[in-house]
Amino acid sequence: MIDTNIFQDKTAVYYTLGCKLNFSETSTIAKALQELGVRKARKGEEADICVINTCSVTEVADKKCRQAIHKLLKQHPNAFVVVTGCYAQLKPDTIADIEGVDMVLGAEQKKDLAHYLGNLQKKKVGEIHASPVKDIRSFAPSCSRGDRTRFFLKVQDGCDYFCSYCTIPLARGRSRNGSIASLVEQAKKAAAEGGKEIVLTGVNIGDFGRSTGETFFDLVKALDEVEGIERFRISSIEPNLLTDEIIDYVAHSRHFMPHFHIPLQSGCDEVLKLMRRRYDTNLFAAKIDRIRSVMPDAFIGVDVIVGTRGETEDYFEQSCNFLRQLDVTQLHVFSYSERPGTQALKIEPAVSPQEKHRRSQCLLEISDEKWHAFYARHIGQIMPVLLERSKSGMPMHGFSANYIRVEVPHDDALDNCVVQVQLGNFNADSTALEGMILTR
Ligand code: SF4
């Protein structure tokens with residue numbers, strides 16, 4: 001039982017690092033504390049509670065987490081400090097040893113954060129509550145509001161794939177998901193709160209259904225029926241799980257947008273084997289062809305990692321050549337980071353930081369060319385754009401169905417509205433196309 005009196009008139013700050021999933025979960029934690037009477041601290045106000053939701057995707061992410069904890073301890077010296085998230089699950093002792101940290105909560109405990117806070121008395125030594133990774137089993141539902149327009153609906157958590165470079169299965173546990181019925185309910189609630197767009201998030205969302213015996217395709221069809229949500233986007237899906245039936249369904253769906261985000265990680269089959277990915281370049285190319293055959297104008301974003309252990313100069317060249325001829329829109333380029341406990345650490349040779357940087361730059365150039373060409377070929381077209389709030393006097397931005405960022409002059413009345421826009425040239429900083437509003 002929680003003694004709600006303790007929380008009355010208390011204030012909290014929330015700090016999130018990492019992925020959309022983490023942001024979504026932090027907002028669920030904040031909602032739970034708000035229901036107990038905790039309000040968000042104002043800018044500059046000292047808070048009673050600090051919640052830090054961490055990430056551990058790279059070494060840099062770990063460092064940023066530690067920096068964030070120190071910064072918040074300085075800003076809120078008397079606050080009860082609780083740290084959770086992937087870094088907390090993987091390195092609870094390191095975090096508990098930081099002077100001033102009161103509690104470290106693992107992945108399984110995150111959803112019950114309010115229950116662990118007790119009487120909010122600061123501890124002499126950081127307390128750790130973290131289950132071993134094999135015992136992380138529960139699915140914590142979460143649907144957060146990114147802004148007025150967009151919601152992030154967590155549909156799945158954890159991963160069973162164990163790619164050789166990835167630490168996520170060690171931090172988030174096995175694959176599990178919410179039921180279709182519960183997710184449809186959350187989508188309806190988002191619509192009732194004025195949400196127009198929902199982004200489906202998870203760690204390996206194509207693997208949806210492990211814990212409920214359902215399929216991701218069934219989820220897509222059920223969500224497509226939810227009244228009021230005008231747009232759904234699938235955040236990131238493994239190529240081997242992006243089935244032709246999903247692609248064909250999206251092509252004809254009114255609400256699922258022609259927008260895909262598919263992790264490739266390398267365009268060289270030898271490297272894919274070292275990474276223990278579950279597809280080869282032939283399968284990936286076939287998926288892209290399939291999408292293009294039914295949605296020639298779809299936005300296709302592709303994740304690539306450079307400098308993985310074992311990626312020789314020759315393998316990297318093969319990857320570049322594959323990516324150059326691949327008909328995708330943008331590359332999201334990441335530098336490989338060594339993660340403790342992963343199989344990739346046994347692979348030789350390692351790639352130097354300078355070489356990783358050079359390879360990143362090569363891929364970013366390829367990406368820029370593709371992105372620019374994609375935008376340029378849409379100039380002059382008319383398409384619906386969902387506009388998002390901007391600061392008064394600043395231009396407004398929004399996205400087309402196929403994820404082209406569009407800039408229009410500020411007009412408060414158009415916040416969260418879908419309008420017909422004719423796409424013009426690139427804007428001043430070349431991050432969007434200028435749009436001329438035709439109908440409201
Ligand atoms: S699919 Fe591979 S890279 Fe993605 S979360 Fe699972 S183990 Fe990590």
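Residues numbered from 1 in each chain as written. Predicted model: local features only at pLDDT ≥ 70, side-chain atom pairs only at ≥ 80, totals over all residues. Heavy atoms only, no water.

**Points about the overall build of the chain**
Logical step 1: For the chain, the helix and strand inventory stands at 13 helices and 20 strands.
Logical step 2: Against the globule reference of 22 Å for 440 residues, the chain gives a C-alpha radius of gyration of 22 Å, in line with a compact fold.
Logical step 3: For the chain, the C-alpha atoms occupy an extent of roughly 60 × 60 × 45 Å along the three principal directions.
Logical step 4: Within the chain, the fraction of its 440 residues that count as buried is 53%.
Logical step 5: Here the analysis covers contacts within the chain between residues at least 6 apart in sequence; of these, 73% occur between residues at least 24 apart. (Helix = DSSP H or I, 4+ residues; strand = E, 2+ residues; numbered from the N terminus. Rg over C-alpha atoms; globule rule 2.2 N^0.38 Å. Buried < 20%, exposed > 50% of the residue type's maximum accessible area, 1.4 Å probe, protein only. Contact = heavy atoms within 4.5 Å.)

**Observations concerning the domain arrangement of the chain**
Logical step 1: With domains assigned, the chain is organised as domain 1 (4–135), domain 2 (143–376) and domain 3 (382–439).
Logical step 2: For domain 1 and domain 3, the distance between their C-alpha centroids amounts to 37 Å. (Domains from an automatic or database assignment.)

**Some remarks on the sheet that holds strand β7 (residues 143–145)**
Logical step 1: Ordered in space as β7-β8-β11-β12, the four strands form an open sheet in which the pairing is mixed. Edge positions in the sheet fall to β7 and β12 (231–234), since each of these pairs with one other strand and no more. Neighbour-to-neighbour, the strand axes of the sheet open up by a mean angle of 25°, direction not taken into account.
Logical step 2: Along the sheet, helix α1 (residues 20–35) makes contact with β7, β8 (150–154) and β11 (197–201), crossing β7 at roughly 90°.
Logical step 3: Taken strand by strand, helix α8 (residues 216–224) contacts β8, β11 and β12, and its axis lies near 165° from that of β12. (Pairing = 2+ DSSP bridges. Axes fitted to C-alpha atoms, helices over the stretch in contact; angles between N-to-C directions.)

**Thoughts on empty space enclosed by the protein**
Logical step 1: Counted according to the given criterion, the structure contains one cavity of 30 Å³ or more.
Logical step 2: Taken as a whole, the largest cavity encloses approximately 110 Å³ of empty space.
Logical step 3: Residues lining the lining of the largest cavity come from more than one domain, with at least three contributed by each of domain 1 (4–135) and domain 2 (143–376). (1 Å grid on protein atoms, 1.4 Å probe; cavity = no way out; pocket = protein on both sides within 12 Å on 5 of 7 lines; lining within 4 Å. Points joined across faces, edges and corners; volume = space filled by probe spheres on them.)

**Section: the pattern of salt bridges**
Logical step 1: The tally for this structure, following the rule as stated, stands at 35 salt bridges.
Logical step 2: Among the ionic pairs, K154 bridges to D157, the shortest N-O distance being 3.3 Å.
Logical step 3: Of the residues examined, K154 reaches a relative accessible area of 1% and is grouped as buried.
Logical step 4: Taking the relative accessible area as the measure of exposure, D157 reaches 4% and is therefore buried.
Logical step 5: For the salt bridge of K273 with E270, the shortest nitrogen-to-oxygen distance reads 3.6 Å. Of the two residues, K273 and E270 are both situated in helix α10 (residues 269–275); the distance of three residues between them amounts to about one turn of the helix.
Logical step 6: One salt-bridge network, held together by shared partners, links E25, K110, K154, D157, R172 and R176. (Salt bridge = Lys/Arg side-chain N within 4 Å of Asp/Glu carboxyl O.)

**Examining the sheet that holds strand β6 (residues 127–129)**
Logical step 1: Read across the sheet, six strands follow the order β2-β1-β3-β4-β5-β6 without closing on themselves; strand pairing throughout is parallel. Among the strands making up the open sheet, the edge pair consists of β2 (39–40) and β6.
Logical step 2: Examined bridge by bridge, strand β5 (residues 103–105) and β6 share three bridges and lie parallel to one another. When the bridges of β6 are listed, L105 appears paired with H129.
Logical step 3: Contacts between α1 and the sheet are confined to β1 (11–16), β2 and β3 (49–54), with β1 contributing the most and set at about 170° to the helix.

**A word on helix α12 (residues 313–325)**
Logical step 1: Taking 1.5 Å as the rise per residue, α12 with 13 residues should run 18 Å; its terminal C-alpha atoms sit 19 Å apart, in good agreement.
Logical step 2: When we look at burial in α12, the residues that qualify are F316, S319, C320, F322 and L323. Buried residues along α12 cover an arc of 165° about the axis, so they all sit on one side.
Logical step 3: Looking at the packing, one finds that the buried side of α12 touches β13 (259–265), α11 (281–294), β14 (299–306), β15 (330–335) and α13 (353–376). (Expected span 1.5 Å × (residues − 1). Arc of directions from axis to C-beta.)

**Some details on the environment of M257**
Logical step 1: Among the secondary structure elements, M257 is positioned in the loop between α9 (244–252) and β13.
Logical step 2: The class of M257 is buried, set by a relative accessible area of 8%.
Logical step 3: Along the primary structure M257 and E434 are separated by 177 residues, whereas in three dimensions their C-alpha atoms are 21 Å apart.

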